[in-house]
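Fold and geometry: a report
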Amino acid sequence: MAGNKTFTMIKPDAVESGHIGAILAKINEAGFRITAMKMMQLSAKKAGEFYAVHKERPFYGELVAFMSSGPIVAAILEKDNAVEDFRTLIGATDPAKAAPGTIRALYARNVGENAVHGSDSDENAAIEGAFFFSGLERF
Ligand code: DAT
Ligand code: MG
């Protein structure tokens, strides 16, 4: 059975462009409940740890530099079938390929600066949520 939690970040490009409110509204309108949330800036070390799975990819250095370049908003979201439904809401990694009306189609700049993160599995949603939030910060 699919889990009911996913993890998201509003990335530095969308924070800088003033899209936090619009993105949170889309998340709420799609039926997700925010059960943890914080605004913070990742160090390059922490961004590198978060994206360690992509260490061998050619864009890893660029990704780590971008994700530590400015503040992000991290959140845990709850809804039935959360991981899959949130990936549908955000759209494809490359905004040029993202379906119309998805968060990335609306707000991403390009494949690297793509407005939001969404977990790709229930297992990673749990790992990523725990990376950012202690038990006291989760509701
Ligand atoms: P997603 O964020 O849709 O899960 P991913 O896990 O494949 O995509 O990659 C993680 C992030 O790495 C992605 O959000 C942006 C960056 N990235 C992916 N492919 C890229 C590329 N071809 N060039 C530059 N950055 C890329
Ligand atoms: Mg991914």
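Structure shown above.
Residues numbered from 1 in each chain as written. Chains lettered and ligands numbered in written order. Predicted model: local features only at pLDDT ≥ 70, side-chain atom pairs only at ≥ 80, totals over all residues. Heavy atoms only, no water.

**Quick notes on the packing of aromatic side chains**
What the rule picks out here adds up to eight aromatic pairs. On the numbers, 5.0 Å between centres and 25° between planes, the contact of Phe-7 with Phe-132 is stacked. Highlighted residues: Phe-7 in strand S1 (residues 5-10) and Phe-132 in helix H7 (residues 122-132), separated in sequence by 125 residues. Accessibility classification places Phe-7 together with Phe-132 in one group, the buried group. (Phe/Tyr/Trp six-rings, centres within 6.5 Å; stacked < 30°, edge-to-face > 60°. Helix = DSSP H or I, 4+ residues; strand = E, 2+ residues; numbered from the N terminus. Buried < 20%, exposed > 50% of the residue type's maximum accessible area, 1.4 Å probe, protein only.)

**Comments concerning the site of ligand 1**
Around ligand 1, the neighbouring residues are Lys-11, His-54, Phe-59, Leu-63, Arg-87, Thr-93, Arg-104, Val-111, Gly-112 and Asn-114. Take Arg-104: an N or O atom from its side chain is 3.0 Å from an oxygen atom of ligand 1. Per-class residue counts for the shell around ligand 1 are three nonpolar, four polar and three charged. (Near = heavy atom within 4 Å. Polar contact = N/O pair within 3.5 Å; in protein donor to acceptor, adjacent residues only side chain to side chain. Nonpolar A, V, L, I, M, F, W, Y, C, P; charged D, E, K, R; others polar.)

**Comments concerning the nonpolar core**
Among the nonpolar cores identified, the biggest contains 19 residues, and Ile-10, Ile-23, Ile-27, Phe-32, Phe-86 and Ile-103 are the most heavily contacted of them. Contributions of two or more residues to this core are made by helix H1 (12-16), helix H2 (20-29), strand S3 (72-78), helix H5 (82-90) and helix H6 (103-107). Tallying contributions element by element places H5 first for this core, with four residues. Beyond its immediate sequence surroundings of up to four residues, Ile-10 is in contact with Val-15, Ile-20, Ile-23, Leu-24, Ile-72, Val-73, Ala-115 and Val-116. (Core = buried A, V, L, I, M, F, W, Y, C linked by side-chain atoms within 4.5 Å. Contact = heavy atoms within 4.5 Å.)

**Focus: the sheet that holds S1**
The four strands are arranged S2-S3-S1-S4 in an open sheet whose pairing can be described as antiparallel. Edge strands, defined here as strands with exactly one partner in the open sheet, are strand S2 (33-40) and strand S4 (116-118). With direction set aside, neighbouring strand axes in the sheet form an average angle of 15°. With seven bridges connecting them, S2 and S3 associate as antiparallel partners. Paired with Met-39 across the bridge in S3 is Val-73. Against the sheet, H7 contacts S1, S2, S3 and S4, and its axis sits at roughly 55° relative to S1. (Pairing = 2+ DSSP bridges. Axes fitted to C-alpha atoms, helices over the stretch in contact; angles between N-to-C directions.)

**Some points on the pairing of S3**
With seven of seven residues buried, S3 lies mostly within the body of the structure. Going residue by residue along S3, you find Ile-72, Ala-74, Ile-76 and Glu-78 tucked away on one face and Val-73, Ala-75 and Leu-77 tucked away on the opposite face as well. Pairing of S1 with S3, which is carried by six bridges, proceeds in the antiparallel orientation. Across the sheet, Phe-7 pairs through a bridge with Ile-76, a residue of S3.

**Here we look at the environment of Leu-106**
Mapping Leu-106 onto the fold places it in helix H6. For Leu-106, a relative accessible area of 44% puts it in the partly exposed group. C-alpha separation for the pair Leu-106 and His-54, spaced 52 residues apart in sequence, amounts to 25 Å. When near neighbours in sequence (up to four residues on either side) are disregarded, Leu-106 contacts Lys-26 and Gly-101.

**Re the side chain of Arg-104**
Considering the arrangement of structural elements, one finds Arg-104 in helix H6. One buried charged side chain, Arg-104, makes no salt bridge at all; its nearest oppositely charged neighbour is Asp-13, positioned 8.3 Å away. Within the local environment of Arg-104, its side chain forms a polar contact with the backbone oxygen of Val-116, the two atoms lying 2.8 Å apart. With sequence-adjacent residues up to four places away left out, Arg-104 is seen in contact with Lys-11, Arg-87, Ile-90, Gly-91, Ala-92, Thr-93, Pro-95, Ala-98, Asn-114, Val-116 and His-117. (Lys, Arg positive; Asp, Glu negative; His and termini not counted. Salt bridge = Lys/Arg side-chain N within 4 Å of Asp/Glu carboxyl O.)

The analysis is restricted to geometry; functional conclusions fall outside its scope.
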